[in-house]
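What follows is each chain in one-letter form.
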Amino acid sequence: MTTVPTTKLAHDLQSGALALTLAEIAEDAARVILPFWRSGALVETKADDSPVTQADRAAEALILERLQAAYPGVQTVAEEAVAAGGAPESAESWFWLIDPLDGTKGFIRGGEAFTVNIALIRDGYPVAGVVTAPATATTWRSDAPEGGAFRRQFGEAQEGEAHAGAEWRPIKVRDRPQEGMALLSHSVTDDEAARLAARHGCTRWQGTDSSLKFCLIAEGRFDAYPRSGPTSEWDTAAGQAVLEAAGGRVLSDDGQRLRYGKSRFLNGPFVAMGG
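I will try to describe carefully the structure that is included in this document. (Residues numbered from 1 in each chain as written. Predicted model: local features only at pLDDT ≥ 70, side-chain atom pairs only at ≥ 80, totals over all residues. Heavy atoms only, no water.)

Below, the discussion takes up the overall build of the chain. Within the chain, the regular secondary structure consists of 8 helices and 16 strands. Whereas a compact globule of 275 residues would reach a radius of gyration of roughly 19 Å, the chain reaches 17 Å, a difference of no more than 12%. Principal-axis analysis of the C-alpha atoms gives the chain an extent of 45 × 45 × 40 Å. Across the 275 residues that make up the chain, the buried fraction comes to 54%. Positive and negative side-chain charges of the chain, numbering 27 and 37 respectively, have mean locations separated by a distance of 5 Å. (Helix = DSSP H or I, 4+ residues; strand = E, 2+ residues; numbered from the N terminus. Rg over C-alpha atoms; globule rule 2.2 N^0.38 Å. Buried < 20%, exposed > 50% of the residue type's maximum accessible area, 1.4 Å probe, protein only. Lys, Arg positive; Asp, Glu negative; His and termini not counted. Charge placed at Lys NZ, Arg CZ, Asp CG, Glu CD.)

Written as structure tokens, this is what we have:
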């Protein structure tokens, strides 16, 4: 069992090159996913009754292959691999959390709010992360430690440019306005959404799917994302990395920073917040 990352991984994390590499990988995974979108792709049901498509599996295969080639020997915890073979018994000090297609239900419906999530965890906390929205060709990423967060549009004409940092724009959370606005999962009722929003000082709320919620708060467009129901760690780690890099916070229900490597890689209630 590998517990110490390669020298290259540690170096690239400190220089910021790691997040750029993850952006390249996530954007290439997005290109794998898009041909399946709105194409009537076959949907299967996993043991936990959640849906999975060929797009999920193809994107995860690409991500795992690319991470192993770039940074061999680092533990990976990826959604479809866990569904097929079970979660690791324990997390190592450094490990990847991967959701190749977050928001599969919306993807199947033909919606745009689905994402590719890749995060690196060190000693229980995300230290680098990338979220890519294939439908809108948008990527959000962290940078070197204390280096901030960034967003870019990508497309066929720019393929391969992510590593050079082309057209990356810095993003930052906004100061909380007098009437804050929350983002909520579509899985909650309107009454529950209004209650959760008010609990965190927001008078208005909007529903959306996937880890986009973290990124929209990181951009300064929204203020809070409270979550009362269970999620898996691969659903939140990349978004947390981006939001924290943009100046936000993600807190569990005990008021502490949301940790990773928990039992069965599951989260309890949390809230993601901007300024």
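That shown, we press on.
The subject of this paragraph is the sheet that holds strand β5 (residues 115-122). With mixed pairing, 7 strands are arranged side by side in an open sheet as β3-β4-β5-β6-β7-β8-β9. The strands lining the two open edges of the sheet, one partner per strand, are β3 (75-78) and β9 (169-171). Across the sheet, the axes of successive neighbouring strands diverge by a mean angle of 20°, strand direction being ignored. Here strand β4 (residues 94-102) pairs with β5 via 7 bridges, running antiparallel. Looking at β5, one finds that Leu97 is bridged to Ala119. Contacts from helix α8 (residues 233-245) reach β3, β4, β5, β6 (125-133), β7 (138-141), β8 (149-153) and β9, with the element oriented near 100° to β6. (Pairing = 2+ DSSP bridges. Axes fitted to C-alpha atoms, helices over the stretch in contact; angles between N-to-C directions. Contact = heavy atoms within 4.5 Å.)

Moving on to the pattern of salt bridges. For the coordinates displayed, the defined rule picks out 15 salt bridges. The partner of Asp143 in a salt bridge is Arg141, with the nearest N and O atoms 3.1 Å apart. With relative accessibility at 5%, the residue Arg141 sits in the buried group. The residue Asp223 makes a salt bridge to Arg174 at a minimum N-O spacing of 2.6 Å. Of the two residues, Asp223 is situated in the loop between α7 (212-218) and β12 (224-227) and Arg174 in the loop between β9 and β10 (180-184); the sequence distance between them amounts to 49 residues. The partly exposed category is assigned to Arg174, whose relative accessible area is 27%. If you follow the salt bridges from partner to partner, you end up with Asp28, Arg31 and Arg66 in one network. (Salt bridge = Lys/Arg side-chain N within 4 Å of Asp/Glu carboxyl O.)

Bringing helix α2 (residues 17-33) into the picture now. Compared with the 24 Å implied by 1.5 Å per residue over 17 residues, the 25 Å span of α2 between its first and last C-alpha is a close match. With respect to burial, α2 is a largely interior element, 16 of its 17 residues being buried. (Expected span 1.5 Å × (residues − 1).)

Moving on to the pairing of β4. Most of β4 is tucked away, with 9 of its 9 residues classed as buried. Examined bridge by bridge, β3 and β4 share 4 bridges and lie parallel to one another. Bridge pairing in β4 links Ala78 to Ile98.

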